[in-house]
Each structure stands twice: as C-alpha cells, then as structure tokens.
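Listed here are the chains, written in short residue letters.
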Amino acid sequence: MGRTIGFRRAGIDDLALVHRWMQEEHVHPFWNLNIPLDRFRTHYEKALADSHQTLYIGTIDGEPVSYWEAYWVQGDVLEGSYPAAPFDQGVHLLIGEKAYLGKGCALPFLREMVRFQFQEPKTAKVAAEPDIRNEKMIHVFERCGFRRIKPIPLPDKQAQLMFCEREEFEKRWNDVYDTTCL
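Residues numbered from 1 in each chain as written. Predicted model: local features only at pLDDT ≥ 70, side-chain atom pairs only at ≥ 80, totals over all residues. Heavy atoms only, no water.

Draft legend 1. Representation of the side chain of Thr 59. Along the polypeptide, Thr 59 turns up in strand β2 (residues 53-60). In this view, Thr 59 contacts Thr 4, Ile 5, Gly 6, Phe 7, Pro 64, Val 65 and Phe 109; residues no more than four positions away in its chain are not counted. (Helix = DSSP H or I, 4+ residues; strand = E, 2+ residues; numbered from the N terminus. Contact = heavy atoms within 4.5 Å.)

Written out as structure tokens, the structure is:
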C-alpha cells in the first residue's frame, strides 16, 4: 500500500531541518549550501522573504522528507537564460531524508508540485535547471514530462535547462492523481 505525499509552506521553524538536509552527501554537491548554520540562516531567511518564490516542505504521511522552491522565472537568475513568458514558473527540489531515496517518491512529488504550479491558468511552462551532473534528477524530470533544452551556466553551477509545457504535462498526467509512493 502506498503512502500519501503532501506539501506545506516552509517557515523559519524548518531552518534546522533544511540545514541538516543541505549537509547530506547526496544533496550538497548539487545545492552547494553545506555551510555553517549561521550563514545558512541568512540565506534561508532571505529565501523565505523573497516574494518571487515560495518554499515548501514535502511530506509523506505528514513526515517531512523533501524541500521545494517554487518560483517565478521573471525575477530569478534563470530569466536571462531564455525568453521567459511573464507567468513561467520554475522549481527546485531535494529529497532530504536518505531513507526515502530510491523509493519512487521523487516522481510523484514532482508531478504534484508541477500540477500545483499549473493551477495558475496563465502558466504555460514550468522550468527546471538541475545541475548537469545530476543525471538521476534529470531522469525524474524527463519522466514527469520535462524535456532537455540546453546546458546553461548559472552562478553556482553548470545546469541543464529543462521545460515542462502544460499541454505535454496534461496529456501525460491528466487522469493520474496518485499521490502515493513506496
């Protein structure tokens, strides 16, 4: 039997948890935020206050297991990488709890976050820019309906620009509302 995934807004109370996840060996090579807590607090508080993005904690049966940043491309470092439309959105994610790696959770999480982003009727595209070395996540994005566009340089990484178009996503997932994994 599967377990239910969900999302809740992240807050300052999640600082220690998200900081711990940033130290994990499967996370820090791609996020580059394995820094001391005081420095991370500054970064995290700035992210929480940034009006162009919203931070989420992904849960399984209410247990926090993942971290998400849903953002508007305009106003983000990504906006200079392609001709972004005003309502293009983007997504960053990590599975923080090692016990949930390789359990089939990333795809249902990503699918439900992208479905949530497409609730904005003017959003026709969700962008992602995973580290080009992170083939596991690139594969998950592709399974969700994203396609590779081009490698792009970003300030903290060489990224693979990927797009998920609303039409492709709906064709692939319109009848699938399964929010379970494991």
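Draft legend 2. Representation of the layout of surface pockets. Its boundaries defined by the atoms lining it, the largest pocket holds a volume of some 1,300 Å³. Around the largest pocket, the lining comprises 48 residues; the ones closest to its centre are Phe 30, Trp 31, His 92, Leu 93 and Leu 94. Residue assignment for the lining of the largest pocket shows that the elements contributing at least two residues are α2 (28-31), α3 (37-49), β4 (89-95), α4 (106-117) and α5 (135-144). With six residues, the single largest contributor to the lining of the largest pocket is α5. For the lining of the largest pocket, a count of residues per class yields 23 nonpolar, twelve polar and 13 charged. If you add up the space inside the second largest pocket, you get close to 170 Å³. (1 Å grid on protein atoms, 1.4 Å probe; cavity = no way out; pocket = protein on both sides within 12 Å on 5 of 7 lines; lining within 4 Å. Points joined across faces, edges and corners; volume = space filled by probe spheres on them. Nonpolar A, V, L, I, M, F, W, Y, C, P; charged D, E, K, R; others polar.)

Draft legend 3. Spatial organisation of the nonpolar core. Grouped together as the largest cluster of nonpolar side chains are 30 residues, with contacts concentrated most on Val 91, Leu 110, Val 114, Phe 141 and Phe 146. If you list the elements that add at least two residues to this core, you get β2, β3 (63-72), β4, α4, β5 (125-128), α5, β7 (157-165) and α6 (166-173). If one sorts the elements of this core by residue count, α4 sits on top with six residues. For Leu 110, the contacting residues outside a window of four places in its chain are Trp 68, Val 91, Leu 93, Val 140, Phe 141, Cys 144 and Phe 146. Ala 10, Leu 17, Ala 47 and Ile 57 belong to the second-largest nonpolar core, a separate cluster that totals 17 residues. (Core = buried A, V, L, I, M, F, W, Y, C linked by side-chain atoms within 4.5 Å. Buried < 20%, exposed > 50% of the residue type's maximum accessible area, 1.4 Å probe, protein only.)

Draft legend 4. Molecular detail of the pairing of β7. Most of β7 sits inside the fold, with seven of its nine residues counted as buried. Looking at chain direction, β5 and β7 are connected through four bridges and run antiparallel. Looking across to β7, one finds that Val 126 is bridged to Cys 164. Sheet topology note: the strand β6 (residues 147-154)/β7 ladder contains seven bridges and is antiparallel. Of the residues in β7, the one forming a bridge with Arg 148 is Met 162. The loop that links β6 with its antiparallel partner β7 comprises two residues. (Pairing = 2+ DSSP bridges.)

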